[in-house]
Amino acid sequence: MNVTKAINSPLAFTVNSFGPLDLPNLKVWLDANDLSTITKDGSNAVSSWADKSGNGYDVIQGTATQQPIYNINGFGTASKPYISFDGLNDTLINAPITWGGSDNLFIVCKINDVIGSQIITASIATSHQSFIASGGGLNSFNGSVLTAGTVVSGTPFMFNTLYNGVNSDIQLNNNAIVSGDSGIINNTLSLRIASVDYGVGFYANIDIVEIIISGELIPQERIDLNNYANAKYGIY
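Quantities reported herein were computed from a predicted structural model and do not represent experimental measurements.

### Section: unusual backbone geometry
- For Asn44, which is not glycine, the phi dihedral falls at a positive 70 degrees.
- With respect to the element layout, Asn44 can be found in the loop between β4 (38–40) and β5 (46–49).
- We classify Asn44 as partly exposed; its relative accessible area is 27%.
- In this structure, Ser79 is a non-glycine residue whose phi angle is positive, near 50 degrees.
- Topologically, Ser79 is positioned in the loop between β7 (69–75) and β8 (80–86).

Right, dumping it as structure tokens:
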């Protein structure tokens, strides 16, 4: 969205205000800052987190003991609201998403444990994963592993990963983009947050504030998305 305004001058300037709805082929947008999208009980246990993309990919959890907790503030230097997953069995799951041959996944979060694998998102065990390996290595996986760098437990970060076979990439914060092959598995399956569909021990002890899934982004759109999130959360 472009806004033009004049200030005590016949000259005008243009302010570019970027938001996720400006992204092409936006598939999912989950934003913990928007309380109207959060369905929770009196203990702040979250049963539903509504998708703001307009596509209806709300993530839900009907089992009370597996519901994450909404926190009204405390994330990052801006002390934003966030949703915390306990690393034991908390997860949210949505309706099946059609993953194409080239999709971007963008997440702002904070990992609270780097012991063992911490699944941030996944569709099935072998596709569209993002995870923290033991010791803090940030990875994407869609048949093959692509590693971006190391995150620190308790420190907020954001990352953007492109799932596109040999042309895949992943970027941690505003660091250099790491390109490579994360595999190519395309399917129509549910997105799982903080878990994967095989067994106990692969849940994540993680705080999440925002998740965005879209079609492949051009370089300027990735810069705009990074700037949007950094201005909102103060990551770097």
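### Section: the confidence of the model for the protein chain
- Looking at the protein chain as a whole, its pLDDT mean stands at 88, while 90% of the residues score no less than 70.
- For residues 1–15, every residue scores under 50 in pLDDT, and the model assigns this stretch 18 contacts once sequence neighbours within four places are set aside.

### Some thoughts on the sheet that holds β5
- Spatially, the nine strands line up as an open sheet ordered β4-β5-β6-β9-β20-β12-β13-β14-β15, and their pairing is antiparallel. On the outer flanks of this sheet lie β4 and β15 (145–150), each paired with one strand and no other.
- By the bridge criterion, four bridges tie strand β13 (residues 129–132) to strand β14 (residues 137–141) in an arrangement that is antiparallel. When the sheet's bridge partners are listed, Phe131 is paired in β14 with Asn139.

### Things to note about the pairing of strand β11 (residues 103–111)
- Burial analysis of β11 places nine of its nine residues in the buried class, the great majority of the element.
- Bridge count between β11 and strand β16 (residues 157–163): seven bridges; the pairing is antiparallel. Residue Ile107 lies in a different strand from β16, and its bridge partner there is Phe159.
- Bridging between β11 and strand β21 (residues 205–215) involves nine bridges; their strand directions are antiparallel. When the sheet's bridge partners are listed, Lys110 is paired in β21 with Asp207.

### What about the pattern of salt bridges?
- This structure, assessed with the given rule, holds seven salt bridges.
- The shortest N-O distance in the salt bridge between Asp31 and Lys52 comes to 3.3 Å. Taken together, the residues Asp31 in strand β3 (residues 26–31) and Lys52 in the loop between β5 and β6 (59–60) connect sequence positions 21 residues apart.
- On the accessibility criterion, Lys52 (26% relative accessible area) is partly exposed.
- The residue Lys232 makes a salt bridge to Glu210 at a minimum N-O spacing of 3.0 Å. Of this pair, Lys232 sits in helix α1 (residues 219–233) while Glu210 sits in strand β21, and the two are 22 residues apart along the sequence. Just as Lys232 is buried, Glu210 falls in that class too.
- Ionic contacts of the salt-bridge type, sharing partners, join the residues Asp31, Asp34, Lys52, Glu210 and Lys232 into one network.

The rules we used
Residues numbered from 1 in each chain as written. Predicted model: local features only at pLDDT ≥ 70, side-chain atom pairs only at ≥ 80, totals over all residues. Heavy atoms only, no water. Helix = DSSP H or I, 4+ residues; strand = E, 2+ residues; numbered from the N terminus. Buried < 20%, exposed > 50% of the residue type's maximum accessible area, 1.4 Å probe, protein only. pLDDT = per-residue confidence, 0-100. Contact = heavy atoms within 4.5 Å. Pairing = 2+ DSSP bridges. Salt bridge = Lys/Arg side-chain N within 4 Å of Asp/Glu carboxyl O.

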